[in-house]
Amino acid sequence: MDYSEAEKKLRDYGQEHILRYYDGLDDDEKKALLSQIEETDFGILSYIEGKDKVQRGVFSPLDALSIPQINERRDEYYEEGARIIKDGKAACLLLAGGMGTRLGADGPKGAFDLGKTHPVYVFQRLIENLMDVTVPLAVKIHLFIMTSEKNHARTVDFMKEHDYFGYDPSFVHFFPQEMAPACDYNGKVYMEEKGRIATSPNGNAGWYSSLKRAGLDSILRDEGIEYINVFAVDNVLQRMADPVFIGATSLKGCQVGAKVVRKVSPDEKVGVICLEDGRPSIVEYYELSDEMKDAKDAEGGYAYGYGVILNYLFEVKALDAVSDDLMPMHVVEKKIPFIDDDANYVKPKEPNGYKFEQLVLDMIHQLSTCLPYEVDRDREFAPIKNKTGKDSVESAQKLCEKNGIKL
Ligand code: UTP
């Protein structure tokens, strides 16, 4: 794209300010900016207008397979899941493309050290949990790691420096996700440098399209992988490739399994699993009406009482039916670093604009069958989202220690 084409594209979207510093850039910077303008989908900015008008369908409860129900058939589920894993039909995918702005640590969240007396990195915790499955079963499981251009190099280097925490590197595959522009409250895209538009990762739903773009889906096809377990980086007690979970999802014939926890209170800030217009769906905590919060099931428990913990098991053959175009766009208020009118770099302390994200939880609604699978929150749910308080380093450390993990 040349200068005049870039200028026209920006004019069409009311973003001419992006070329404000163009004349002062060197040739490489000019080229880079023009190609960033060419690649950027400014059409995404139009979602700001409809951000408060998301139309939802009719909700009804979706029961989970509870821990007592799982225990009744645990051996059977285990055998089925262990068979799938030993046949090489299961893979894992770690979502590590997020910016972790709430935690605010330098570097990728996976490189965060939560140890007290010795280093215990988030990635290390996750690999150790995965090896709790691979070592006793004497198998290797492909681990795909989604990064973003903001943390890709540091993630790859970190894992290499730490010898992949004992995992076989030939089974670890990194790929970057796509980015979206970030803008102020008036829809004007921020600049993060004189020659660079401010961008942020486009949400965790893009994992399948980004995996395909990186050509890594060939591994799924060539090896006949049937299930892929997608999970978040921040839960340091996350149990992935869990044979019982895989076996239950397979024997129940579901296109996706979702690990869930019983909510501690109707107001807990977790996405709730349910049906929406008869299909599986997840309602974010801020979308839950009081009526849904208080609704009871036949046994007197909360009808919408299970929250998701970002651990999903997708049946690979169901994924081709999922389309990014059908997923809602979440317009999220965040802190976006930018250069001000005098070209000074500013790292805001408060949210100053919007980022655009599609979320993995919205993939569930495009599938027809989902198994909510209950896990014990004290053993499997220790998210690190914030510096202090709820879902923080401190709360995760406590839960790790409760589970006998030396920090
Ligand atoms: P969060 O919703 O906690 O977002 O991500 P975040 O960006 O990491 O953190 P904040 O909101 O800025 O503090 C949940 C999971 O999804 C991944 C994260 O890495 C985490 O594992 N994620 C999120 C991506 O992989 N890509 C994204 O674009 C967003």
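Residues numbered from 1 in each chain as written. Predicted model: local features only at pLDDT ≥ 70, side-chain atom pairs only at ≥ 80, totals over all residues. Heavy atoms only, no water.

> Explanation requested: the overall build of the chain in the structure shown.
Along the chain, the regular secondary structure elements total 12 helices and 18 strands. Seen through its principal axes, the chain has C-alpha atoms that stretch 70 × 50 × 45 Å. Across the 407 residues of the chain, 53% fall into the buried class. When contacts within the chain are restricted to residue pairs at least 6 apart in sequence, those whose partners lie at least 24 apart make up 76%. Split by element, the accessible area of the chain, about 19,100 Å² in all, is 47% carbon and sulfur. (Helix = DSSP H or I, 4+ residues; strand = E, 2+ residues; numbered from the N terminus. Buried < 20%, exposed > 50% of the residue type's maximum accessible area, 1.4 Å probe, protein only. Contact = heavy atoms within 4.5 Å. Areas by Shrake-Rupley, 256 points an atom, 1.4 Å probe, with all protein chains shown as cover.)

> Just to check I follow, could you spell out the side chain of Glu 357 for this structure?
Structurally, Glu 357 is set in strand 17 (residues 353–357). Here Glu 357 occupies a buried position and makes no salt bridge, while the nearest side chain of opposite charge, Lys 334, is found at 4.1 Å. (Lys, Arg positive; Asp, Glu negative; His and termini not counted. Salt bridge = Lys/Arg side-chain N within 4 Å of Asp/Glu carboxyl O.)

> Explain the packing of aromatic side chains here, please?
One pass over the full model with this rule turns up 13 aromatic pairs. When the centroid spacing of 5.5 Å and the interplanar angle of 45 degrees are considered together, the rings of Trp 207 and Phe 314 count as tilted. Of the two residues, Trp 207 sits in helix 7 (residues 207–213) while Phe 314 sits in strand 13 (residues 306–315), which places them 107 residues apart along the sequence. Like Trp 207, the residue Phe 314 is buried in the burial classification. Members of the aromatic cluster, each reached through a chain of ring pairs, are Tyr 121, Phe 123, Phe 158 and Phe 165. (Phe/Tyr/Trp six-rings, centres within 6.5 Å; stacked < 30°, edge-to-face > 60°.)

> Help me out: how do you make sense of the site of the ligand in this one?
By nearness alone, 20 residues border the ligand, and Leu 95, Thr 101, Gln 177, Lys 334 and Lys 385 come closest of all. One of the backbone N or O atoms of Gly 203 is found 2.8 Å from an oxygen atom in the ligand. For the ligand, whose unbound accessible area comes to 570 Å², protein coverage reaches 92%. In terms of residue class, the shell around the ligand is built from eight nonpolar, eight polar and four charged. (Near = heavy atom within 4 Å. Polar contact = N/O pair within 3.5 Å; in protein donor to acceptor, adjacent residues only side chain to side chain. Nonpolar A, V, L, I, M, F, W, Y, C, P; charged D, E, K, R; others polar.)

> Is there a simple way to think about the side chain of Asp 242 in this case?
For Asp 242, the position within the fold is in the loop between strand 9 (227–232) and helix 9 (243–251). Here Asp 242 is in contact with Asn 229, Lys 259, Tyr 373 and Glu 380, once residues within four sequence places are set aside.

> Would you mind showing me how to read the state of the cysteines here?
Defined simply, a disulfide is a covalent bond joining two cysteines at their sulfur atoms. Inspection of the entire model under this criterion finds zero disulfides. Cysteine Cys 400 shares no disulfide, and the gap to the nearest cysteine sulfur, in Cys 92, comes to 19 Å. Since its relative accessible area comes to 0%, Cys 400 is described here as buried. (Disulfide = S-S within 2.5 Å.)

> What should I look at first to understand the pattern of salt bridges in this one?
Pairing between side chains of opposite charge can happen when the charged atoms of each approach one another. Taken as a whole, this structure holds 28 salt bridges when the rule is applied. For Lys 385, the salt bridge is made with Asp 234, and the minimal N-O distance between the two is 3.0 Å. Linking Lys 385 in the loop between helix 11 (377–380) and helix 12 (393–402) with Asp 234 in the loop between strand 9 and helix 9, this pair joins segments that are 151 residues apart in sequence. The network of salt bridges with shared partners includes Glu 149, Lys 150, Glu 192 and Arg 196.

> Whenever I open this one, the pairing of strand 4 (residues 172–176) confuses me. Can you help?
Where a strand is regular, its side chains alternate between the two sheet faces. Along strand 4, four of the five residues are buried, which leaves the element largely enclosed by surrounding structure. Looking at chain direction, strand 3 (residues 143–147) and strand 4 are connected through five bridges and run parallel. Note on strand 4: the bridge partner recorded for Ile 145 is Phe 174. The parallel pair strand 3 and strand 4, bridged by helix 6 (residues 152–161), forms a crossover whose chirality is right-handed. (Pairing = 2+ DSSP bridges. Right-handed = clockwise from strand over helix to strand, strands pointing away.)

> Mind showing me how you'd approach a negative patch on the surface here?
Taken together, the side chains of Asp 26, Asp 27, Asp 28, Glu 29 and Glu 193 make up a negatively charged region of the molecular surface. The element contributing the most residues to the negative patch is helix 2 (residues 27–39), with three residues. Classification of Glu 193 as partly exposed rests on a relative accessible area of 46%. (Patch = residues over 30% accessible without salt bridge, like charges linked within 9 Å, V, L, I, M, F, W, Y side chains within 5 Å. Charge placed at Lys NZ, Arg CZ, Asp CG, Glu CD.)

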